[in-house]
Protein chains: 4
Amino acid sequence: MTTAALPVRVGLAGATGYAGQELIRLLARHPQFVLAQATGSPAATTTRRLPALARVWDGDVVPLDVAALAAASDVVFLALPEAASASVGPALLDAGCRVVDLSGAFRLRDEEARARWYPATGALPEGVAYGLTEFEADAIRQARLLSNPGCYPTAALLALLPLMQSGLLADQCEPVIDAKSGISGAGKAPTDRTHFCENHGSVAAYGAFHHRHTPEMVQALGGRRVTFVPHLVPLDRGLMASVHVRLTPGTAAAAVAEAFAGAYASAPFVRVTGTTLPEIRDVVHTNFCDIGWAFDADTGRLCVISVIDNLVKGAAGQALQNANLMYGFDERTGLL
Amino acid sequence: MTTAALPVRVGLAGATGYAGQELIRLLARHPQFVLAQATGSPAATTTRRLPALARVWDGDVVPLDVAALAAASDVVFLALPEAASASVGPALLDAGCRVVDLSGAFRLRDEEARARWYPATGALPEGVAYGLTEFEADAIRQARLLSNPGCYPTAALLALLPLMQSGLLADQCEPVIDAKSGISGAGKAPTDRTHFCENHGSVAAYGAFHHRHTPEMVQALGGRRVTFVPHLVPLDRGLMASVHVRLTPGTAAAAVAEAFAGAYASAPFVRVTGTTLPEIRDVVHTNFCDIGWAFDADTGRLCVISVIDNLVKGAAGQALQNANLMYGFDERTGLL
Amino acid sequence: MTTAALPVRVGLAGATGYAGQELIRLLARHPQFVLAQATGSPAATTTRRLPALARVWDGDVVPLDVAALAAASDVVFLALPEAASASVGPALLDAGCRVVDLSGAFRLRDEEARARWYPATGALPEGVAYGLTEFEADAIRQARLLSNPGCYPTAALLALLPLMQSGLLADQCEPVIDAKSGISGAGKAPTDRTHFCENHGSVAAYGAFHHRHTPEMVQALGGRRVTFVPHLVPLDRGLMASVHVRLTPGTAAAAVAEAFAGAYASAPFVRVTGTTLPEIRDVVHTNFCDIGWAFDADTGRLCVISVIDNLVKGAAGQALQNANLMYGFDERTGLL
Amino acid sequence: MTTAALPVRVGLAGATGYAGQELIRLLARHPQFVLAQATGSPAATTTRRLPALARVWDGDVVPLDVAALAAASDVVFLALPEAASASVGPALLDAGCRVVDLSGAFRLRDEEARARWYPATGALPEGVAYGLTEFEADAIRQARLLSNPGCYPTAALLALLPLMQSGLLADQCEPVIDAKSGISGAGKAPTDRTHFCENHGSVAAYGAFHHRHTPEMVQALGGRRVTFVPHLVPLDRGLMASVHVRLTPGTAAAAVAEAFAGAYASAPFVRVTGTTLPEIRDVVHTNFCDIGWAFDADTGRLCVISVIDNLVKGAAGQALQNANLMYGFDERTGLL
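These figures come from a predicted structure and were not determined experimentally. (Residues numbered from 1 in each chain as written. Chains lettered and ligands numbered in written order. Predicted model: local features only at pLDDT ≥ 70, side-chain atom pairs only at ≥ 80, totals over all residues.)

A. A look at the overall build of chain A. Looking only at helices and strands, one finds 11 helices and 14 strands in chain A. Computed over its C-alpha atoms, the radius of gyration of chain A comes to 20 Å, within 12% of the 20 Å expected for a compact globule of 336 residues. C-alpha atoms of chain A, sized along the principal axes, occupy 60 × 50 × 40 Å. Split into buried and exposed, the 336 residues of chain A put 60% on the buried side. A separation of at least 24 residues holds for 70% of the contacts in chain A among residues at least 6 apart in sequence. (Helix = DSSP H or I, 4+ residues; strand = E, 2+ residues; numbered from the N terminus. Rg over C-alpha atoms; globule rule 2.2 N^0.38 Å. Buried ≥ 20, exposed ≤ 12 C-beta atoms within 10 Å, placed from the backbone. Contact = placed C-beta atoms within 7 Å.)

Next up, the structure:
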């Protein structure tokens, strides 16, 4: 944990994407962080409006200049494509900044895995922490470079880790993670995939067995294999992970409840709803992850439903929660 | 197969519900069936408009009178709650009509299962066939009472049965069926669950381990246990079953393709898309079921994606497809 | 303006409706108001969950008892049907509370008009102010009973009053107000009208020439007649008023800009976007009203686009903005 | 009217856009037209799938070669940008084909207006008819080049022309046409404007006083000025024109009903709903235009609501309806 002069000066690279805009919105009401510089691509700074943010934050989005950004900032949030993060992140560290990176550039610790799934990135810098806040708080407080989790891993791991850590997951069980995400998860770039008419009134599965969030989950689960199939559903924001697992024979319903209650007793942003299944609408525009489940005690089959806002707990919100820890603030600051 | 005087006179009970209206739309352009009488609840006949059907079908919806309905009809489609079907169906059979029932009243053959899941229904009449068209054509042709499959079982079974029948499913595999349905699947009655604002921008899981379509699937799969978790997604119509299974070790990718190609070589309404995953938007307002998959040959894990329009192939369309067989017509008549 | 002991104790009647829930969300982060008691119908208190509000506000919703509510509160927000407000509001005033009413019970000053449009309400109490914040601040500060404007009038009047007050509206012009609202505007009760499938993929006009918000607008416009046609559009929340008018011949484009700039120079929640037309997505979940326009100087025709979140600036947000003025707080408190 | 060898060979240029795909769907079930050749841009033919059309039409989309297209076709539907239509259309006429053009290239008869609004087009060929079917049937039957109306003019003119022709419109009345369209109206190209997240949960006005459909309406209304403001609403397909007018003082309610009943007595695709206001959901996926109204007899103010499917009656459906007339078929052929 670092003691810092207040307010902490924050830089933001990638201000005009969906996660970047959400960060601006959150930072604007944070009492200790102040947004000192926001950068975007030259095109974005001239042609894209941020009308929703008028009077929330009225600063200018300027072209990215790493030296200028470093000079203006104590900590920099990177909401960039991973190749850009892989280049800009280490440069900012060298310049003495702390970094919170929202891309996948620094998530995988294994060199081989990183080379396969994120070929545009290089060696991992020193001082990287994986920012799944509820399970990595100590590492996060010390982090020089905070690697913020992917949206799908956030929802899925918060559902699975309590079961793993309490030893309830059956030995041979390979969890099936069937996930549903709003279209903002596909990014702001206009493509055939993000066209309104391709998604309205439809659902589409994609990336089965080949999504880059799979190795991230496997790493956090200590190598356990998972089946991960994401789907795009016709909503703007919000994400559900439906996690299908088998528990150790003989597990009682109470043990499931205890596993979750214990894991999240002091977690302000995880709301355990028990056997009431949570819905996406309960968490959008918040940093909450709601977790509930259905358990068939006779057979040991368990379905855990975990919902988040992909742009908040799945991106900007968790990033700010982590930055709060990095600077010794209450993790709720600016988020409740 | 029965030889019938043409055109065949059709009765419809439950004309104002979503499935009923879809049947009217389909029957209106069928060259051999003619809609002779349509009934609805007294409230429906006086207060509900069917403006979308003007000039498509301009008949009157009259209160249900079983004797009058039987007198007017050779075959009657029942789009009623199961308790009503359980009472009206046998009466119509006694009066000499053939019956196509869209409720769950006659789907489960096992008395005990039926008593548990459909307590408002009684003994099964003679001559019932289960109307999963692509696998039950012979029985369907002879049926006096056709029990039309549920929407979820239709999508899930069309994904699973080719794997079962070709012996590819691993012995111990209990399929995980994670399904997503549009809101029309929850019926036309206004409830908290069907309110626009409860569903827009949201996804909700429900009925995990306790949905009545589970025993229907288990029955068709010869007793194999499945995990079935349905979800409501914010679209009007359309349904996807994402089916997660394990195949026998050593299964080759080509064997998967052959299983589906073989099963549906002569099925006009199943489009096998191979490793291109189908989307709901491709099938809405049609009687098609599109089936594609992702296969991880190294581990034998397979994810099959099966999509239908829940009101067409999942209800009215498949009912008409079955009635075509019952009367010796080409099963495509009026559906393409 | 009243000087009050801090924090101010707030009561809320109608806590489980959409406006009520939004009020809870806003009050939870207000530094000077504290929610002391929230009431709902007996059914709501036992059967309806407010899962989205867990950890935001964890109080109980209790059955309405006017005496108990008055004893617990300095000021009470009424988010009730107008007949209930007409009865509860005066009783609370008698008990010494100040009241902020979100229904239409106290909006129309003319007895005859009120009898026609709100027959379930009675005589107007003393000390009523109409809470269109940007134009009634002085009256609002003194109000004992604050009558919060309707959602449609809020958007339409903020578009029209600057033109009226600067004398730009042509003498004979009767504005055409073509408005579009999300479905939450139709309330939380499940009806045919609020069913998901009746609205998804559709737009419906309703209440043309016969909506109760028409006389409210006419009153605020000093008797000028308007054509008002509202439409339901398939979104959860948000409202647009497209206002079509004619200006005095010879009006310059600069005069239009000046009229709006002048009217809202010190209004923190009205963002004037000039000839860039605002969109609903820019204002949802905020208390902003964004106003822009297209002007055809040659013919004097002007189209003003005004957008709000119907549950915030159109209901709970404006109510809180007004309560801030009533208690001498900065009107932005808890809203930005 | 031409007598043609049957079946009539149809060409289609622009097969992969939304209107083009809808034409394929409609032509596939037409008994007298047969789709002989469909063309698309080279990119479209190699990279875009039409999975929804499998088994409906299984032909190939080939690159556009005007000579080859002309040789294969008796009549060609052009679903192209107007500059392409302006070039391809006359060439096809020269080669002896008849042409149905869905772009704006040939809609405006006035040279000056065409030069202003469609600068990429040239002189008008001989034998052009404007294809507003219900009002131009005689000209359509003779047309060599049929210019299909825009989607907005179709809905607006079907609402206005009966009032004009029966002399009910007040002399000085300039109609206000406030229109709402689904996003498919913005085309298939991915842009910021067609991104899912920019439209979900939003409404956006655009093109006020500057939309190219305005001069098209003015031309059809004999020069009468209109205020036209279109809006994008979050639905895939469907369009509503809300038309606000003033009638001649003293007009009776019955006269309004008679004007519409008279105009559409023999129009199979216009359903007059009287004072029941039609909704978009009643007409999507059909060629119907539903028209209803609210009339305030005391003041002579009338609001006419006209709804169509922008891709059917607003594009492909009306084009086919017109082609039916051009070849002497019943106009309903293939459309009901």
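Back to the text.
B. A look at the nonpolar core. Grouped together as the largest cluster of nonpolar side chains are 456 residues, with contacts concentrated most on Ala155 of chain A, Ala155 of chain B, Ala155 of chain C together with Ala155 of chain D. Ignoring sequence-local partners within four residues, the contact set of Ala155 of chain C consists of Ala179, Leu239, Ala241, Cys289, Ser306, Val307, Ile308 and Gly314 of chain C. (Core = buried A, V, L, I, M, F, W, Y, C linked by C-beta atoms within 7 Å.)

C. Structural context of unusual backbone geometry. With a phi close to 70 degrees, Arg55 of chain A is a non-glycine residue in the positive phi region. Look at Arg55 of chain A and you get partly exposed, because 14 C-beta atoms sit within 10 Å.

D. Seen up close, the packing of helix H7 (residues 151-165) of chain C against helix H9 (residues 213-220) of chain C. Residue and element names in this part refer to chain C. Between H7 and H9, whose axes approach to 9 Å, the crossing angle comes to 35 degrees. The way H7 lies across H9 gives a crossing that is right-handed. Contact residues: H7 offers Tyr152, Pro153, Ala156 and Leu157, while H9 offers His213, Glu216, Met217 and Ala220. For the contact of H7 with H9, the per-class residue count stands at 6 nonpolar, 1 polar and 1 charged. (Axes fitted to C-alpha atoms, helices over the stretch in contact; angles between N-to-C directions. Left-handed = near helix turned anticlockwise from the far one by under 90°. Nonpolar A, V, L, I, M, F, W, Y, C, P; charged D, E, K, R; others polar.)

E. How the structure looks around the interface of chain B and chain C. Across the contact, 14 residues belong to chain B and 14 residues belong to chain C. Across the side of chain B that touches chain C, the residue classes break down as 5 nonpolar, 7 polar and 2 charged.

F. Layout of the relation of the copies chain B and chain A. Rotating chain B by 180 degrees about the axis while translating it 0.0 Å along that axis superimposes it on chain A, leaving an RMSD of 0.0 Å. With respect to symmetry, the two chain copies, as superposed, fit the operation of a two-fold axis. (Least-squares fit on C-alpha atoms with pLDDT ≥ 70 in both.)

G. How the structure looks around the interface of chain B and chain A. Tallying the contact residues gives 31 residues for chain B and 31 residues for chain A. Of all the secondary structure elements, the ones that give two or more residues to the side of chain B that touches chain A are strand S8 (176-181), strand S9 (204-205), strand S10 (227-232), strand S11 (239-246), strand S13 (289-296) and strand S14 (301-308) of chain B. When the residues that make up the side of chain B that touches chain A are grouped by side-chain class, the tally is 18 nonpolar, 6 polar and 7 charged.

H. Broad picture of the sheet that holds strand S2 (residues 33-40) of chain C. All names here are of chain C. Spatially, 7 strands are ordered S3-S2-S1-S4-S5-S7-S6 in an open sheet, and the strand pairing comes out parallel. In the strand order of this sheet, the two ends are held by strand S3 (61-63) and strand S6 (128-130), each with one partner. Strand-to-strand twist of the sheet, defined as the mean angle between neighbouring strand axes without regard to direction, takes the value 25 degrees. Both strand S4 (residues 75-78) and strand S5 (residues 98-101) contribute to a ladder of 4 bridges, which runs parallel. Considered in S5, the bridge of Val75 is made with Arg98. In the packing of helix H4 (residues 82-94) onto the sheet, the strands contacted are strand S1 (8-13), S4, S5 and strand S7 (145-147), and the crossing angle to S5 comes to about 160 degrees. The strands that helix H11 (residues 312-326) touches are S2, S4, S5 and S7; relative to S5, the one it contacts most, it runs at about 155 degrees. (Pairing = 2+ DSSP bridges.)

I. Structural detail: the domain arrangement of chain A. Residues and elements named next belong to chain A. Split by domain assignment, chain A resolves into domain 1 (8-149 + 314-326) and domain 2 (151-310). Averaged C-alpha coordinates put domain 1 and domain 2 at centres separated by 25 Å. Within the residue set of the side of domain 1 that touches domain 2, elements represented by two or more residues are helix H5 (111-117) and helix H11 (312-326). For the side of domain 1 that touches domain 2, a count of residues per class yields 8 nonpolar, 6 polar and 3 charged. (Domains from an automatic or database assignment.)

J. A look at the packing of helix H1 (residues 18-28) of chain C against H11 of chain C. Residues and elements named next belong to chain C. H11 packs onto H1 with a crossing angle of 45 degrees between their chain directions and a minimal axis gap of 9 Å. By the angle class used here, H1 and H11 are oblique. Judged by the twist between their axes, the crossing of H1 over H11 is right-handed. Across the interface between the two elements, Ala19, Glu22, Leu23 and Leu26 of H1 pack against Val312, Ala315, Ala316, Gly317, Ala319 and Leu320 of H11. Among the residues forming the contact of H1 with H11, the class breakdown is 8 nonpolar, 1 polar and 1 charged. (Parallel < 35°, antiparallel > 145°, perpendicular 65-115°, else oblique.)

K. Broad picture of the relation of the copies chain B and chain C. Expressed as a screw transformation, the operator carrying chain B onto chain C has a rotation angle of 180 degrees and an axial translation of 0.0 Å, and the superposed copies differ by an RMSD of 0.0 Å. Interface residue correspondence from chain B to chain C reaches 100%, placing this contact among same-surface, isologous pairings.

L. Just helix H9 (residues 213-220) of chain A, in detail. All names here are of chain A. Most of H9 is tucked away, with 6 of its 8 residues classed as buried. Listing the buried residues of H9 in full gives His213, Thr214, Pro215, Glu216, Met217 and Ala220. In this fold, the buried residues of H9 make contact with H5, helix H7 (151-165) and strand S10 (227-232). Two residues or fewer after H9 comes Gly222, characterised by a positive phi angle close to 70 degrees.

M. Layout of the sheet that holds strand S1 (residues 8-13) of chain A. Residues and elements named next belong to chain A. Ordered in space as S3-S2-S1-S4-S5-S7-S6, the 7 strands form an open sheet in which the pairing is parallel. The strands lining the two open edges of the sheet, one partner per strand, are strand S3 (61-63) and strand S6 (128-130). Across the sheet, the axes of successive neighbouring strands diverge by a mean angle of 25 degrees, strand direction being ignored. Pairing between strand S2 (residues 33-40) and S3: 3 bridges, direction parallel. Pairing of Ala38 across the sheet is with Val61, part of S3. This element, helix H4 (residues 82-94), spans S1, strand S4 (75-78), strand S5 (98-101) and strand S7 (145-147) of the sheet and lies at about 160 degrees to S5. Each of S2, S4, S5 and S7 touches H11; the most contacted strand, S5, lies at about 155 degrees to it.

N. Fine view of the environment of Leu93 of chain C. All names here are of chain C. Tracing the sequence through the fold places Leu93 in helix H4. The class for Leu93 is partly exposed, based on 19 C-beta atoms found within 10 Å. Residues Leu93 and Val75 lie 18 residues apart in sequence; the distance between their C-alpha atoms is 9.4 Å. If we skip the residues at most four places from it in the chain, Leu93 touches Val99, Pro125, Arg144 and Leu145.

O. Representation of the environment of Val10 of chain C. Residue and element names in this part refer to chain C. Looking at the secondary structure, you find Val10 in strand S1. Taking the C-alpha atoms as reference points, Val10 and Leu27, 17 residues apart in sequence, are found 8.7 Å from one another. Not counting residues within four places of it along the chain, the set of residues in contact with Val10 comprises Leu27, Phe33, Val34, Leu35, Ala36, Ser73, Val75 and Phe77.

P. Spotlight on the environment of Leu132 of chain B. Residues and elements named next belong to chain B. Note on placement: Leu132 falls in the loop between strand S6 (128-130) and helix H6 (133-142). We classify Leu132 as buried; it has 22 C-beta atoms within 10 Å. Apart from the residues within four sequence positions on either side, Leu132 is in contact with Pro149, Thr154, Leu157 and Ala220.

Q. Local environment of H4 of chain C. Helix length check: H4 of chain C, at 13 residues, gives a terminal C-alpha distance of 18 Å against a target of 18 Å (1.5 Å per residue), a fit within 8%. The inward-facing, buried residues of H4 of chain C abut S1, helix H3 (66-72), S4, S5 and S7 of chain C. (Expected span 1.5 Å × (residues − 1).)

R. Expanded view of the confidence of the model for chain A. Mean pLDDT over chain A stands at 95; residues scoring 70 or higher make up 97%. Model confidence for the complex is summarised by a pTM of 0.97, with the ipTM given as 0.96. (pLDDT = per-residue confidence, 0-100.)

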